[in-house]
Amino acid sequence: MFRICKTIELESGHLLSKHPGSCQFPHGHTRSVELVFVADSLDSHDMVLDFKAIKEMMGAFLQRFDHALCMNTQDPHFEQFRSIYGERIIPFEQQDPTSEAMAYTVFRFAAEALSKAARGIGTSYPVRDCVRLERVRVWETSSSWAEYAE
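A brief report on the enclosed structure follows. (Residues numbered from 1 in each chain as written. Predicted model: local features only at pLDDT ≥ 70, side-chain atom pairs only at ≥ 80, totals over all residues. Heavy atoms only, no water.)

With that out of the way, let us pick up the environment of Ser-144. Looking at the element boundaries, Ser-144 is found in strand 6 (residues 144-149). Accessibility expressed as a relative area gives 35% for Ser-144, which makes it partly exposed. If near-sequence neighbours (up to four positions away) are discounted, Ser-144 is found in contact with Val-138 and Trp-139. (Helix = DSSP H or I, 4+ residues; strand = E, 2+ residues; numbered from the N terminus. Buried < 20%, exposed > 50% of the residue type's maximum accessible area, 1.4 Å probe, protein only. Contact = heavy atoms within 4.5 Å.)

In structure tokens form, the structure reads like this:
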């Protein structure tokens, strides 16, 4: 099996409403988001898929998180933050925007984007339908990450 990884870095904030400590307050992280794709064979260009295809599939979605604040929609201040900062507030429906929740959210989007790309939607680079998304890892700090895989 062949495996590739594309890492995209972004600055994002969150606050964890359910957290008993200081993480309940708004704070930011320099995050690295790793997307790992696999295939049993290489394409006619000797690749699993082109890294540029991943950037096209994921770039706009992940840029939404850059310099934005992720919040639980159940946070008592969610609506106030949303009215002030608009789309710079990223809602996490009834859950805290932990790195685990972010990894799951990115995985779901990437899996759908990969499926569309295999049908020729969303990227100008060819994507074979045999390419699979293996996992998404979100680094919160240089020593802490969360991962989601199916």
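This brings us to unusual backbone geometry. When glycine is set aside, most residues are seen to have a negative phi, and most peptide bonds are trans. Here the phi dihedral of His-67 falls at roughly 55 degrees; this positive angle occurs in a residue that is not glycine. Structurally, the position occupied by His-67 is in the loop between helix 1 (51-63) and strand 3 (69-72). Backbone geometry at Gln-94 places phi at a positive 55 degrees, although glycine is not the residue there. Within the secondary structure, Gln-94 sits in the loop between strand 4 (89-92) and helix 3 (99-118).

What follows covers the pairing of strand 6. With 6 bridges connecting them, strand 5 (residues 132-141) and strand 6 associate as antiparallel partners. Its bridge partner lying in strand 6, Val-138 is registered against Ala-146. Joining the antiparallel neighbours strand 5 and strand 6 is a turn of 2 residues. (Pairing = 2+ DSSP bridges.)

Attention shifts here to the nonpolar core. Counting residues in hydrophobic clusters, the biggest one holds 34 residues, and the most contacted among them are Leu-35, Phe-37, Leu-49 and Met-58. Mapped onto this core, the elements with two or more residues apiece are strand 1 (2-14), strand 2 (27-39), helix 1, strand 4, helix 3 and strand 5. Element by element, the count of residues in this core is highest for helix 3, at 9 residues. Discounting chain neighbours no more than four positions away, the residues touching Phe-37 are Phe-2, Arg-3, Ile-4, Val-48, Leu-49, Ile-54, Met-57, Leu-114, Val-131, Arg-132, Leu-133 and Glu-134. Grouped together as the second largest cluster of nonpolar side chains are 5 residues, Leu-15, Leu-69, Phe-78 and Ile-89 included. (Core = buried A, V, L, I, M, F, W, Y, C linked by side-chain atoms within 4.5 Å.)

Attention shifts here to the packing of aromatic side chains. When we look at a pair of aromatic rings, we describe it by the centre distance and by the angle of the planes. This structure, assessed with the given rule, holds 6 aromatic pairs. Consider the rings of Phe-107 and Tyr-148, whose centres lie 5.1 Å apart with planes at 75 degrees: the pair is edge-to-face. Of the two residues, Phe-107 is situated in helix 3 and Tyr-148 in strand 6; the sequence distance between them amounts to 41 residues. Under the relative-accessibility criterion, Phe-107 is labelled buried at 2%. Here the aromatic residues Phe-61, Phe-65 and Phe-109 are joined through ring pairs into a cluster of three or more. Its end group placed over the ring of Phe-65, Arg-64 keeps NZ or CZ at 5.7 Å from the ring centre. Here the guanidinium or amino end of Arg-137 rests over the ring plane of Trp-145, the centre of that ring lying 3.6 Å away. (Phe/Tyr/Trp six-rings, centres within 6.5 Å; stacked < 30°, edge-to-face > 60°. Lys NZ or Arg CZ within 6 Å of the ring centre and 35° of its normal.)

Turning our eyes to something else, we now look at the sheet that holds strand 5. With mixed pairing, 6 strands are arranged side by side in an open sheet as 4-3-1-2-5-6. At either end of the open sheet lies a strand with only one pairing partner, and these are strand 4 and strand 6. Neighbour to neighbour, the strand axes of the sheet diverge by 35 degrees on average, direction disregarded. Pairing analysis gives 4 bridges linking strand 3 to strand 4, with the strands arranged parallel. In the strand pairing of strand 4, Met-71 is matched with Pro-91. Of the strands in this sheet, strand 3 and strand 4 touch helix 2 (residues 78-85), which is tilted by about 145 degrees from strand 4. Across the sheet, helix 3 is in contact with strand 1, strand 2, strand 3, strand 4, strand 5 and strand 6; its angle to strand 5 comes to roughly 150 degrees. (Axes fitted to C-alpha atoms, helices over the stretch in contact; angles between N-to-C directions.)

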